[in-house]
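# Per-entry structural report
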Amino acid sequence: MALESKMTNQPGRTEAGENIVTVFGGTGFLGRRIVTSLLDRAVDVRAVSRHPHKHKFDNVSGKRPSQQIEADILDSSSIAAAVAGSRAVVNAVSLYVERGKQTFERVHVEAAADLAATSRDAGVEMFVQISGIGSDPMSRSNYIRARGRGEEVVKAAFPGAVIVRPSVMVGPDDTFITTIARLVHILPIYPLFGEGGTRLQPVYVEDVAEAVSRLASGQYSTDASIFECAGPRIYSYRELVQEIATQLNARIRLVPVPFAVWRILATAAEFLPVVSLTRNQVDLMLRDNVAANDLPGLEELGIQSRGIEELVDMIGHAA
Ligand SMILES: NC(=O)c1ccc[n+]([C@@H]2O[C@H](COP(=O)([O-])OP(=O)(O)OC[C@H]3O[C@@H](n4cnc5c(N)ncnc54)[C@H](OP(=O)(O)O)[C@@H]3O)[C@@H](O)[C@H]2O)c1
């Protein structure tokens with residue numbers, strides 16, 4: 001798909017002359033990399049989260065957001081203050097496990113719509129919603145349906161909003177590749193999701209952050225409204241585990257485990273203080289999670305996606 005991808009010297013500015021990009025979820029796995037990538041482009045960044053100082057940005061290299069603000073996406077008054085004066089807003093807030101009032105519908109649909117509408121009313125020029133490949137408003141899974149509906153309500157509240165759908169993101173501090181790499185070292189048998197046939201296209205978190213930063217900084221202009229960001233190679237889950245084991249010289253026997261069993265395990269795991277398996281992960285593993293051929297992605301934004309080999313090597317040496 002041909003896209004207009006043009007570089008301009010200066011990112012766009014609001015009428016007031018401000019050029020702040022506000023990143024909701026700016027301390028998270030993806031969000032903090034978006035912040036760093038924007039800072040690399042000399043963009044003023046406001047990182048927003050409920051615990052803004054939980055992540056310590058690197059002050060030595062000057063890679064620290066201009067502002068670190070406390071706000072809860074569920075609290076309309078706090079989001080109004082957080083987006084004020086922004087030229088662009090990115091929503092990189094996550095919710096993987098429902099707890100009390102924090103439901104998928106509340107965070108990924110209602111609050112996303114609220115943030116988009118508040119941004120529109122504040123004169124924000126660009127809104128980027130982080131969603132996920134496979135999002136589907138008709139899905140039977142509460143999580144996947146909320147992600148799909150979230151996209152719809154954001155587009156309705158903020159015409160021209162851009163949706164970025166990453167596939168499973170990997171990086172040195174991820175919970176995906178690092179978990180597989182650790183388990184293949186310690187387990188003689190490795191339990192697969194079902195037969196392990198689900199196809200995945202893991203993507204480097206930095207590559208997704210770079211894509212979001214290119215869009216939000218105003219340095220690229222595009223008419224596309226959805227980007228699916230995925231890595232260079234498609235693996236079945238079985239192939240992925242086998243490949244990691246081979247690269248780490250681990251001998252492992254792969255054993256299929258029915259999805260129904262995973263669901264029971266995930267339901268129990270969600271009661272633990274530190275959740276390492278969630279029902280939404282199991283739901284996502286039921287369907288292939290690869291980028292659509294007819295939607296733009298990293299390549300159209302001028303980003304060459306990196307494979308996972310270097311990362312696996314690095315984790316292997318650290319283990
Ligand atoms: N990780 C993946 O592999 C993956 C794959 C596809 C799509 N995605 C999507 O990418 C986005 C970012 O995911 P992530 O893995 O980077 O998430 P994450 O590491 O869990 O970070 C979430 C961020 O949101 C903030 N946050 C959570 N609840 C909030 C609230 N109520 N109000 C304000 N801030 C809040 C968190 O900080 P506080 O807790 O301090 O508020 C944190 O900064 C999500 O939409 C996720 O679904 C992730």
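Residues numbered from 1 in each chain as written. Predicted model: local features only at pLDDT ≥ 70, side-chain atom pairs only at ≥ 80, totals over all residues. Heavy atoms only, no water.

A few words now on the pairing of strand S2 (residues 44-49). As a general feature of sheets, a regular strand has side chains that alternate between the two faces. In terms of burial, S2 is a largely internal element, five of the six residues being buried. In this structure, strand S1 (residues 20-24) lies alongside S2, joined through five bridges in parallel fashion. Within S2, the residue paired with Thr-22 across the bridge is Arg-46. Note on the crossover from S1 through helix H1 (residues 31-40) to S2: the handedness is right-handed. Bridging between S2 and strand S3 (residues 67-70) involves four bridges; their strand directions are parallel. When the bridges of S3 are listed, Val-48 appears paired with Ile-69. (Buried < 20%, exposed > 50% of the residue type's maximum accessible area, 1.4 Å probe, protein only. Helix = DSSP H or I, 4+ residues; strand = E, 2+ residues; numbered from the N terminus. Pairing = 2+ DSSP bridges. Right-handed = clockwise from strand over helix to strand, strands pointing away.)

In the vicinity of the ligand, 24 residues are found, and the nearest of them are Thr-27, His-51, Ser-94, Tyr-96 and Arg-147. At a separation of 2.7 Å, an oxygen atom of the ligand approaches a polar side-chain atom of Thr-27. Out of a free accessible area of 890 Å², the ligand has 87% covered by protein chains. When the residues that make up the shell around the ligand are grouped by side-chain class, the tally is twelve nonpolar, eight polar and four charged. (Near = heavy atom within 4 Å. Polar contact = N/O pair within 3.5 Å; in protein donor to acceptor, adjacent residues only side chain to side chain. Areas by Shrake-Rupley, 256 points an atom, 1.4 Å probe, with all protein chains shown as cover. Nonpolar A, V, L, I, M, F, W, Y, C, P; charged D, E, K, R; others polar.)

We now examine the confidence of the model for the chain. Detail in the predicted coordinates should be disregarded across regions flagged by low pLDDT. Chain-level pLDDT for the chain is 91 on average; 92% of the residues reach the 70-or-more range. This model gives residues 1-17 a pLDDT under 50, and the stretch forms 37 contacts once residues within four places in sequence are excluded. (pLDDT = per-residue confidence, 0-100. Contact = heavy atoms within 4.5 Å.)

For the rest of this paragraph, the subject is the packing of aromatic side chains. Applying the stated rule across the entire model yields five aromatic pairs. Residues Phe-104 and Tyr-143 carry aromatic rings whose centres are separated by 5.0 Å and whose planes lie at 75° to one another, so their mutual orientation is edge-to-face. Highlighted residues: Phe-104 in helix H3 (residues 104-121) and Tyr-143 in helix H4 (residues 142-157), separated in sequence by 39 residues. Among the aromatic side chains, those forming a connected cluster through ring pairs are Phe-193, Tyr-237, Phe-259 and Trp-262. The side chain of Arg-306 reaches across the aromatic face of Tyr-204, ending 4.5 Å from its centre. (Phe/Tyr/Trp six-rings, centres within 6.5 Å; stacked < 30°, edge-to-face > 60°. Lys NZ or Arg CZ within 6 Å of the ring centre and 35° of its normal.)

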